[in-house]
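# Notes for the structure review
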Amino acid sequence: MRLQQVSDQDLVKLYIGGDEYVIEELLRRHKSKIFTSIYLLVKDQYLAEDIFQDAFIKVINTLRSGRYNEEGKFLPWVMRIAHNLVIDYFRKEKRTPTITSTDGTADVLNLIQIHEESAEERMLREQTHSDLRKMIQYLPDEQKEVLIMRHYADLSFKEIADLTDVSINTALGRMRYALSNLLKMMNVKEVSVSRG
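Quick look at the structure, then. All values reported here derive from a predicted model rather than from experimental measurement.

## Concerning the overall build of the protein chain
A tally of regular secondary structure across the protein chain gives 8 helices and 0 strands. Walking the protein chain from its N terminus toward its C terminus, one meets helices and strands in the order α-α-α-α-α-α-α-α. Taken across its 196 residues, the protein chain has 41% of its residues classed as buried. With the model as given, the accessible surface of the protein chain reaches about 11,900 Å², and the carbon-plus-sulfur share is 51%.

## Some details on the nonpolar core
Counting 53 residues, the largest nonpolar core has Ile-34 and Ile-38 as its most contacted members. Looking at this core, the elements with two or more residues in it are helix 1 (8-16), helix 2 (22-42), helix 3 (45-65), helix 4 (74-93), helix 5 (119-137), helix 6 (141-151), helix 7 (157-164) and helix 8 (168-195). For this core, the leading source of residues is helix 4, giving 11 residues. Here Ile-34 is in contact with Phe-52, Phe-56, Leu-75, Val-78, Met-79 and Ala-82, once residues within four sequence places are set aside.

## Here's the deal with the pattern of salt bridges
On inspection of all chains with the given rule, the structure shows 6 salt bridges. A salt bridge links Glu-20 to Arg-64, with the nearest nitrogen and oxygen atoms 3.0 Å apart. Placement of the pair is Glu-20 in the loop between helix 1 and helix 2 and Arg-64 in helix 3, with a sequence separation of 44 residues. With a relative accessible area of 52%, Arg-64 lands in the exposed category.

## Some thoughts on the packing of helix 1 against helix 3
Packing of helix 1 against helix 3 brings their axes to within 9 Å, and their N-to-C directions diverge by 65°. On the basis of their axis angle, the class for helix 1 and helix 3 is roughly perpendicular. Between helix 1 and helix 3 lies a crossing of right-handed hand. Contact residues: helix 1 offers Val-12, Tyr-15 and Ile-16, while helix 3 offers Ile-60, Leu-63 and Arg-64.

## Overview of the environment of Ile-38
Inspection of the secondary structure assignment puts Ile-38 in helix 2. In this structure, the C-alpha to C-alpha distance between Ile-38 and Ile-51, residues 13 residues apart in sequence, is 7.5 Å.

## Points about a negative patch on the surface
On the surface, Asp-44, Glu-49, Asp-50 and Asp-54 cluster together to form a negatively charged patch. Its place among the elements puts Asp-44 in the loop between helix 2 and helix 3.

## A closer look at the packing of aromatic side chains
For the structure shown, the criterion picks out 5 aromatic pairs. Between the aromatic rings of Phe-35 and Tyr-39, the centroid separation amounts to 6.2 Å while the plane-to-plane angle is 15°, which identifies the pairing as stacked. Here Tyr-39 and Phe-35 lie together in helix 2, a separation of 4 residues that amounts to about one turn. Across the pair, Tyr-39 and Phe-35 agree in class, each one buried. Taking the centre distance of 6.4 Å and the plane angle of 75° together, the rings of Phe-35 and Phe-52 count as edge-to-face.

What counts, and at which threshold
Residues numbered from 1 in each chain as written. Predicted model: local features only at pLDDT ≥ 70, side-chain atom pairs only at ≥ 80, totals over all residues. Heavy atoms only, no water. Helix = DSSP H or I, 4+ residues; strand = E, 2+ residues; numbered from the N terminus. Buried < 20%, exposed > 50% of the residue type's maximum accessible area, 1.4 Å probe, protein only. Areas by Shrake-Rupley, 256 points an atom, 1.4 Å probe, with all protein chains shown as cover. Core = buried A, V, L, I, M, F, W, Y, C linked by side-chain atoms within 4.5 Å. Contact = heavy atoms within 4.5 Å. Salt bridge = Lys/Arg side-chain N within 4 Å of Asp/Glu carboxyl O. Axes fitted to C-alpha atoms, helices over the stretch in contact; angles between N-to-C directions. Parallel < 35°, antiparallel > 145°, perpendicular 65-115°, else oblique. Left-handed = near helix turned anticlockwise from the far one by under 90°. Patch = residues over 30% accessible without salt bridge, like charges linked within 9 Å, V, L, I, M, F, W, Y side chains within 5 Å. Lys, Arg positive; Asp, Glu negative; His and termini not counted. Charge placed at Lys NZ, Arg CZ, Asp CG, Glu CD. Phe/Tyr/Trp six-rings, centres within 6.5 Å; stacked < 30°, edge-to-face > 60°.

As structure tokens, this is what we get:
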């Protein structure tokens, strides 16, 4: 049986049925998306790895205990577990998450695929991304969170609503406000640049 062609839901059933090895396929399939969404919030490689491992231990324990009942929603369920662990960490640390990493790598805006470009285009893009990352930091936490989940983790608004425990309309509203606030900040920056 080729595991790559088996759905998440069927892999979960196989795992619950005693096929321990299938967990590796679920891990391989989703590690990048889950890990990166954790890393974007905590901005620390080792901490993100710890939280990722804790999330998968929780997943395995829940599956083994027979308490899993998220039919067909494996990835959003794991993302919710990881997200809750991040929130727990920040509650313990009494800190709020930000988005960009200290060295500017692996952040939401650097993950966009770039075509061959001239040095001028690259400088302009890097400056734009740098400006945008700074502006995102000024957004309220709820707006920042929805922006990351939508644009990097590629989650639907329904999944975001489930993860953040709000209605879909609230998630959509937060995204709308986030984009509106970013546009306002960009307009202010353009005005100040053209005057300077």
